[in-house]
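Chain by chain, the residues run as shown.
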Protein chains: 2
Amino acid sequence: MVSKNQIKLISSLHQKKFRQANQLFIAEGKKVIQELLDASFELNHIYATMALFEGVSPEKFSLVSDDDLKKMSALTVPNNALAVFKIPVNNVFEAQGLIVALDCIRDPGNLGTIVRICDWFGIRQIICSPDTVDLYNPKVVQATMGSIARVNCIYSDLLPVLEKTNLPVFGTFMDGENIYKMELPQEGIIVMGNEANGISEAIEKCVNSKIAIPRFGAIQQTESLNVATATALILSEFRRKI
Amino acid sequence: MVSKNQIKLISSLHQKKFRQANQLFIAEGKKVIQELLDASFELNHIYATMALFEGVSPEKFSLVSDDDLKKMSALTVPNNALAVFKIPVNNVFEAQGLIVALDCIRDPGNLGTIVRICDWFGIRQIICSPDTVDLYNPKVVQATMGSIARVNCIYSDLLPVLEKTNLPVFGTFMDGENIYKMELPQEGIIVMGNEANGISEAIEKCVNSKIAIPRFGAIQQTESLNVATATALILSEFRRKI
């Protein structure tokens, strides 16, 4: 059973201000929940229409009806389980290895997909500008497919980080160097820009290596790649030489 | 002005059976509509809240209210223009160059993104299995961002095409060859499989080159890449050597 007040609290977590006030977020579906449990995210409570998880203490598990789950869920078609987790303390940024920096990524699906892609390519740190969509937005959590448990995402102003780093800073620009022909290092910060406007002017000044993904289709078309696809192609180029 | 019957017809085009019965589809937003006009798609009618397009004959243009546009639109937040186009006649498949074959891609966003990625990499033909989501689904049309005008998508059973082709047939499998270390040709058919089940058994038998995108993250995780991301990474490897 679940009370009306609990349902109200949980559905309020669809909004950032209530996630921040309560320091809680939701994750849905057995796979994502299990990955977060395995990664030692601190569980608040699981609500499910059937017993799905082993090793969860009974006081942190409630069987609920499909109707109640639907009221709590952020999905159009709810899964059979929803879990509430505590938001972990913001991790400290370590200036080593390959790092992805996101300059105002607004679309939750894009952020989630980028986290998943970083996980695939063994990127352990993402720095998100404060105006990047919230990592704990339910759509982001779902789109990460569990990778949220394995990649540290740190929200921080990018400018001071980029200004003081000794690492090379890469950014994608139309007039950048052909990434297929470059020698790429295994340390550095790769900045990915906003979906509509690209990398902001202030951040551009910190980029010391402008790169470009060549286009092979018709030249007259100015259409760009989706930012998540571009991130995958760039990380592939950095990693393929290992 | 637009009649109730017109609104009813247009909103019926959100569904495949009505698109097929009427041989019409909808596209929304100035950019996508303009790209289809430029590519000589046959216009049926444009409905817009303001005059946005030059060179469209007056009998094919109606000014409509925001309310009426909302009733016709397939978008949660409607754009300021919706156009109805005739579905072009299925193009003939030509066995040359690099071709992407889709084995039961179900998600409209994935299909649209794959069309956009193919456009970027200069792929001119996609063969879609009959159980792949409909190209003229409004969500697919939007996700292509206009690339639908530049890539031929042909719906056809894949098996007869793959069985009789002289082109090499590539498919992604966990135990495939490391794509970063292969010499890849500029002709061939690259099969991408269903989101949940991958390439079907019957199609697997036609694959004569099994390929794999290496993972650089933690080995114990079995998570795969999204099919659109995987398509981008594979096409990048085929094209980067030009």
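Worth saying up front: this structure is predicted, and the values here are computed from it rather than measured.

Conventions adopted
Residues numbered from 1 in each chain as written. Chains lettered and ligands numbered in written order. Predicted model: local features only at pLDDT ≥ 70, side-chain atom pairs only at ≥ 80, totals over all residues. Contact = placed C-beta atoms within 7 Å. Helix = DSSP H or I, 4+ residues; strand = E, 2+ residues; numbered from the N terminus. Nonpolar A, V, L, I, M, F, W, Y, C, P; charged D, E, K, R; others polar. Expected span 1.5 Å × (residues − 1). Buried ≥ 20, exposed ≤ 12 C-beta atoms within 10 Å, placed from the backbone. Domains from an automatic or database assignment. Pairing = 2+ DSSP bridges. Axes fitted to C-alpha atoms, helices over the stretch in contact; angles between N-to-C directions. Least-squares fit on C-alpha atoms with pLDDT ≥ 70 in both. Parallel < 35°, antiparallel > 145°, perpendicular 65-115°, else oblique. Left-handed = near helix turned anticlockwise from the far one by under 90°. pLDDT = per-residue confidence, 0-100.

1. Some details on the interface of chain B and chain A
Thought 1: Taken together, the contacts link 24 residues of chain B with 24 residues of chain A.
Thought 2: Broken down by secondary-structure element, the contributors of at least two residues to the side of chain B that touches chain A are helix 5 (108-120) and helix 9 (227-239) of chain B.
Thought 3: Ranked by residue count, the leading element in the side of chain B that touches chain A is helix 9 of chain B, at five residues.
Thought 4: Class assignment of the residues belonging to the side of chain B that touches chain A gives a composition of ten nonpolar, eight polar and six charged.

2. Concerning helix 9 of chain B
Thought 1: Between its first and last C-alpha atoms helix 9 of chain B spans 18 Å; for 13 residues at 1.5 Å apiece the expected length is 18 Å, and the two agree.
Thought 2: With ten of its 13 residues buried, helix 9 of chain B lies for the most part within the structure.
Thought 3: Among the residues of helix 9 of chain B, Val227(B), Ala228(B), Thr229(B), Thr231(B), Ala232(B), Leu233(B), Ile234(B), Leu235(B), Ser236(B) and Phe238(B) are the ones counted as buried.
Thought 4: On its buried face, helix 9 of chain B sits against helix 5 (108-120) and helix 9 (227-239) of chain A together with strand 5 (98-103), helix 5, strand 8 (169-178) and strand 9 (188-193) of chain B.

3. Describing unusual backbone geometry
Generally, phi is negative for residues other than glycine and the peptide bonds are trans, each holding for most cases.
Residue and element names in this part refer to chain B.
Thought 1: Of note, the phi angle at Gln-23 is positive, near 55°, even though the residue is not glycine.
Thought 2: Positionally, Gln-23 belongs in the loop between helix 2 (16-22) and strand 1 (24-28).
Thought 3: With 14 C-beta atoms packed within 10 Å, Gln-23 lands in the partly exposed category.

4. Remarks on the domain arrangement of chain A
Interface size, as often reported, equals the accessible area lost upon joining of the parts.
Residue and element names in this part refer to chain A.
Thought 1: The assigned domain composition of chain A is domain 1 (4-86) and domain 2 (98-239).
Thought 2: With 14 residues of domain 1 at the interface, the matching set in domain 2 holds ten residues.
Thought 3: Elements that contribute at least two residues to the side of domain 1 that touches domain 2 include exactly helix 2 (16-22), strand 1 (24-28) and helix 3 (30-38).
Thought 4: Taken together, the residues that form the side of domain 1 that touches domain 2 break down as eight nonpolar, one polar and five charged.

5. Examining the sheet that holds strand 2 (residues 43-48) of chain A
All names here are of chain A.
Thought 1: The strand order across the open sheet built from four strands is 1-4-2-3, with neighbouring strands paired in mixed fashion. The sheet is open, and its two edges are formed by strand 1 and strand 3 (61-63), each paired on a single side. This sheet shows a mean twist of 20° between the axes of neighbouring strands, independent of strand direction.
Thought 2: With five bridges connecting them, strand 2 and strand 4 (residues 81-86) associate as antiparallel partners.

6. A few points about the environment of Pro58(B)
Thought 1: Its place among the elements puts Pro58(B) in the loop between strand 2 (43-48) and strand 3 (61-63).
Thought 2: In the structure, Pro58(B) is positioned 146 residues away from Glu204(B) in sequence and 52 Å away in space, judged by C-alpha atoms.

7. Concerning the relation of the copies chain B and chain A
Thought 1: Turning chain B through 180° and shifting it by 0.0 Å along the axis lays it on chain A, with an RMSD of 0.0 Å. Interpreted geometrically, this transformation is the action of a two-fold axis.
Thought 2: The share of interface residues of chain B whose copies in chain A are also at the interface is 100%, consistent with both copies meeting through the same surface.

8. Comments concerning the pairing of strand 8 (residues 169-178) of chain A
Strand residues, when the strand is regular, have side chains that alternate between the two faces of the sheet.
Residue and element names in this part refer to chain A.
Thought 1: Here strand 8 pairs with strand 9 (residues 188-193) via three bridges, running parallel. Bridging across to strand 9, Phe-170 finds its partner in Ile-190.
Thought 2: In terms of strand pairing, strand 8 meets strand 10 (residues 209-212) through five bridges, oriented parallel. Among the inter-strand pairings, Gly-171 is bridged to a residue of strand 10, identified as Lys-210.

9. What to know about the packing of helix 5 of chain A against helix 9 of chain A
Residues and elements named next belong to chain A.
Thought 1: Between helix 5 and helix 9, the shortest axis-to-axis distance is 9 Å and the interhelical angle comes to 15°. Judged by the inter-axis angle, helix 5 sits roughly parallel to helix 9. The element helix 5 and its partner helix 9 pack so that their crossing is right-handed. Where helix 5 approaches helix 9, its residues Asn-110, Thr-113, Ile-114 and Ile-117 are matched on the opposing element by Val-227, Ala-228, Thr-231, Ala-232 and Leu-235.

10. Observations regarding the confidence of the model for chain A
Thought 1: Taken residue by residue, chain A gives an average pLDDT of 92. The fraction at 70 or more is 97%.
Thought 2: With a pTM of 0.92, the predicted complex shows an ipTM of 0.90.

11. Observations regarding the environment of Val56(B)
Residue and element names in this part refer to chain B.
Thought 1: Note that Val-56 resides in the loop between strand 2 and strand 3.
Thought 2: Expressed as a C-alpha distance, the spacing of Val-56 and Ala-232, which sit 176 residues apart in the sequence, is 36 Å.
Thought 3: Apart from the residues lying within four places of it in its own chain, the contact partners of Val-56 are Ile-46 and Phe-61.

12. Remarks on helix 3 of chain A
All names here are of chain A.
Thought 1: What helix 3 keeps buried is the set Val-32, Ile-33, Glu-35, Leu-36 and Leu-37.
Thought 2: Looking at the buried positions of helix 3, the neighbouring elements they touch are strand 1, strand 2, strand 4 and helix 6 (138-143).
Thought 3: The positive-phi residue at the C-terminal boundary of helix 3 is Ser-40, with phi of around 65°.

13. Some details on the environment of Leu13(A)
Residue and element names in this part refer to chain A.
Thought 1: Within the secondary structure layout, Leu-13 lies in the loop between helix 1 (4-12) and helix 2.
Thought 2: Note on Leu-13: 21 C-beta atoms within 10 Å, which makes it buried.
Thought 3: Considering only alpha carbons, one finds Leu-13 and Ser-224, 211 residues apart in sequence, at a separation of 34 Å.
Thought 4: Ignoring sequence-local partners within four residues, the contact set of Leu-13 consists of Phe-18, Arg-19, Asn-22, Leu-24, Phe-25 and Ile-26.

14. Let's talk about the sheet that holds strand 1 of chain B
Residues and elements named next belong to chain B.
Thought 1: Pairing is mixed across the open sheet formed by four strands, whose spatial order is 1-4-2-3. With partners counted over all chains shown, the strands left at the sheet margins are strand 1 and strand 3, one partner each. Across the sheet, the mean angle from the axis of one strand to that of its neighbour is 20°, orientation sign disregarded.

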